[in-house]
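Results of the structural survey
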Amino acid sequence: MITTVPGTTRGAGRPASPYPAGPQRTSLGRKVRDNLTGHTFLIGAVLCFAVFSWYPMIRGIVMSFQRTRRGETTWVGWDNYLRIIDDPSFWTAWKNTFYFTVLALVLGYAVPFFVAILLNEFRHAKGYLRILVYLPVMLPPASALFLFKFYAYDPSEAGLFNAILTALHLPTSQWMQSPEMTMPAMVLASTWMNMGGAVLIYLAALQNIPGELYEAAELDGAGIWRRIVHVTIPQTRLILALLAMLQIVATMQLFIEPLILANGAGAEDSATSVAYLIYQHGFFQNDLNGAAALGVIMLVVLAGFSAAYLRLSAKQD
């Protein structure tokens, strides 16, 4: 017979757990399930990037050092790069691409910022004006560009812009048929299509600027231009720098504008871009290895711009 000393229980020699076993196991199981769900979604995203981004990038780099003829692939080293660089259209494409990027920074980068400042000053119909500015972004790019090509850039007096110039007693332009006007016309169309997103980002940044700074500037006698220079721009410096980098990366991948507006190369190759040259090598000349080499060169150039931006940002911080 087992006897128990009063005041004690069986197993009294084992220390009692300060936490109940049931709730602890439940909490641990919930954490495992939560982490498992999160990692499952993360694995899906990683697989998408691996299949649709990283693998094509690595495959393109490998192809740039190969040559495929009649189903046989041989390793040729730097031959594809040397052949691409010796092509005169290579330098023309880079010149046009950099020209477009500079024009886009002058027009397409500055205009959204000042439009956002203007919209920020309105006290009424803010929502309507924001929808109006963002509306072009919701249009398919091809539809917007065809609208410019057949309606705004018509070289006859029936075109919208030529009709405006005629009404102002100014000389008309051939627009996309003129080598001098091809790039400015493409920048104008691209700015109209894409500035809505940048305007909304700038508006969000402007609304986070303390109103006391503007009040202090007004008390010091600062006009609207001095308030922009000494208050608005310093307070939105990080957003301005980030969007400038994104603008450079996006505009250097110029493709759809010359493809639709200028039918590819444009008058006297005035619209040929690096991205369109890759398209030509890959789909018209059946030179996939040359297209891959040109794509790797563009990747290196854009990576250089990104590295320079990150270095400058680190120094400013």
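Definitions and limits used
- Residues numbered from 1 in each chain as written.
- Predicted model: local features only at pLDDT ≥ 70, side-chain atom pairs only at ≥ 80, totals over all residues.
- Heavy atoms only, no water.
- UniProt positions renumbered as here; feature names shortened; annotations may be inferred.
- Axes fitted to C-alpha atoms, helices over the stretch in contact; angles between N-to-C directions.
- Helix = DSSP H or I, 4+ residues; strand = E, 2+ residues; numbered from the N terminus.
- Parallel < 35°, antiparallel > 145°, perpendicular 65-115°, else oblique.
- Contact = heavy atoms within 4.5 Å.
- Pairing = 2+ DSSP bridges.
- Phe/Tyr/Trp six-rings, centres within 6.5 Å; stacked < 30°, edge-to-face > 60°.
- Buried < 20%, exposed > 50% of the residue type's maximum accessible area, 1.4 Å probe, protein only.
- pLDDT = per-residue confidence, 0-100.
- 1 Å grid on protein atoms, 1.4 Å probe; cavity = no way out; pocket = protein on both sides within 12 Å on 5 of 7 lines; lining within 4 Å.
- Points joined across faces, edges and corners; volume = space filled by probe spheres on them.
- Nonpolar A, V, L, I, M, F, W, Y, C, P; charged D, E, K, R; others polar.

The name given to the chain in an unreviewed UniProt entry is Carbohydrate ABC transporter membrane protein 1 (CUT1 family), with Micromonospora palomenae as the source organism. Reading the Sequence similarities (unreviewed entry) entry of the UniProt record for the chain gives the comment "Belongs to the binding-protein-dependent transport system permease family." Under the heading Subcellular location (unreviewed entry), UniProt records this for the chain: "Cell membrane".

Glancing now at the packing of helix α3 (residues 88–108) against helix α4 (residues 110–121). At a minimum axis separation of 4 Å, α3 and α4 run at an interaxial angle of 10°. By the criterion of interaxial angle, the relationship of α3 to α4 is roughly parallel. Two secondary-structure elements touch here, α3 through L105, V106, L107 and G108 and α4 through A110, V111 and P112.

Turning to the pairing of strand β2 (residues 72–75), a few remarks are in order. One ladder, built from 4 bridges, connects strand β1 (residues 66–69) with β2; its direction is antiparallel. Paired with T68 across the strands is T73, a residue of β2.

Looking now at the packing of aromatic side chains. One pair of aromatic rings is described through two measures. These are the centre distance and the angle between the planes. The tally for this structure, following the rule as stated, stands at 22 aromatic pairs. Between W78 and Y81 the ring centres are 5.3 Å apart and the planes differ by 55°, which places this aromatic pair in the tilted class. W78 gets classed as exposed once you look at its relative accessible area, which sits at 56%. Its relative accessible area of 7% is what places Y81 among the buried residues. Members of the aromatic cluster, joined through ring pairs, are F148, Y153, F161, W175 and W192.

Moving on, we get to unusual backbone geometry. Of note in the backbone geometry, N263 takes a positive phi value of approximately 55° without being a glycine. Following the sequence through the fold, N263 ends up in the loop between α12 (256–261) and α13 (274–284). Not every positive phi belongs to a glycine, and N286 is a case in point at roughly 55°. You can see N286 is positioned in the loop between α13 and α14 (288–316).

The subject of this paragraph is the confidence of the model for the chain. Averaged over every residue, the pLDDT of the chain is 83; residues scoring 70 or more account for 90%. With pLDDT under 50 throughout, residues 1–14 is counted as low confidence; its partners more than four residues away or in other chains account for 0 contacts.

Mapped onto the elements, A216 comes out in helix α9 (residues 211–219). When its relative accessible area of 37% is taken as the criterion, A216 is described as partly exposed. In the structure, A216 is positioned 11 residues away from R227 in sequence and 9.8 Å away in space, judged by C-alpha atoms.

Below, the discussion takes up the layout of surface pockets. In this model, the largest pocket occupies a volume close to 440 Å³. S190, N194, Q247, A250 and T251 are, among the 23 residues lining the largest pocket, the residues nearest its centre. Sorting the residues of the lining of the largest pocket by element identifies α3, α8 (182–206) and α11 (237–251) as the ones contributing at least two each. When residues in the lining of the largest pocket are grouped by element, the largest group, 9 residues, is from α8. Looking at the second largest pocket, its volume works out to about 320 Å³. Broken down by element, the residue count for the lining of the second largest pocket peaks at 4 residues, all from helix α10 (residues 224–235). In terms of residue class, the lining of the second largest pocket is made up of 5 nonpolar, 3 polar and 5 charged.

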